[in-house]
Amino acid sequence: MDKTNRNHSIMCSVDACKHHCDNAEYCALSQIQVGTHEQAPKDKKCTDCESFTLS
Ligand code: SF4
């Protein structure tokens, strides 16, 4: 994976993720999966980037 890629459609500040861009606040993947760990999500904290992988 090219970690210099800046996917301008996916801004992200999670530096601990393996897929985070090396030099800017973007995701380096071409697409991600977003989901929820709640049965009835009510707020943004209820959602998750399911493509997250620990760096
Ligand atoms: S996979 Fe998700 S958490 Fe990881 S850099 Fe991309 S958007 Fe951020």
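Please refer to the structure placed before this passage.
What counts, and at which threshold
Residues numbered from 1 in each chain as written. Predicted model: local features only at pLDDT ≥ 70, side-chain atom pairs only at ≥ 80, totals over all residues. Heavy atoms only, no water. Near = heavy atom within 4 Å. 1 Å grid on protein atoms, 1.4 Å probe; cavity = no way out; pocket = protein on both sides within 12 Å on 5 of 7 lines; lining within 4 Å. Sits in = over half its atoms within 2 Å of the grid points. Nonpolar A, V, L, I, M, F, W, Y, C, P; charged D, E, K, R; others polar. Points joined across faces, edges and corners; volume = space filled by probe spheres on them. Disulfide = S-S within 2.5 Å. Buried < 20%, exposed > 50% of the residue type's maximum accessible area, 1.4 Å probe, protein only. Salt bridge = Lys/Arg side-chain N within 4 Å of Asp/Glu carboxyl O. Helix = DSSP H or I, 4+ residues; strand = E, 2+ residues; numbered from the N terminus.

A. Expanded view of the site of the ligand. Around the ligand, the neighbouring residues are I10, C12, C17, H19, H20, C27, L29, I32, C49, S51 and F52. Spatially, the ligand is embedded in the largest pocket. Taken together, the residues of the shell around the ligand sort by class into eight nonpolar, three polar and no charged.

B. Highlighting the layout of surface pockets. Taken as a whole, the largest pocket encloses approximately 170 Å³ of empty space. If you trace the largest pocket, you find 13 residues lining it, with C12, V14, C17, C27 and C49 closest to the centre. Grouping the amino acids of the lining of the largest pocket by side-chain chemistry returns ten nonpolar, three polar and no charged.

C. Structural view of the state of the cysteines. All chains considered together, the criterion is met by zero disulfides. No disulfide involves C21; its sulfur sits 9.0 Å from that of C27, the nearest cysteine. You can call C21 buried: its relative accessible area is 3%.

D. Just the pattern of salt bridges, in detail. Taken as a whole, this structure holds two salt bridges when the rule is applied. The salt bridge involving D22 is made with K3; its shortest N-O contact spans 4.0 Å. Separated by 19 residues along the polypeptide, D22 in the loop between strand 1 (7–11) and strand 2 (26–27) and K3 in the segment before strand 1 bring together distant segments of the chain. Between D43 and K45 there is a salt bridge, with the nearest N and O atoms lying 3.3 Å from each other.

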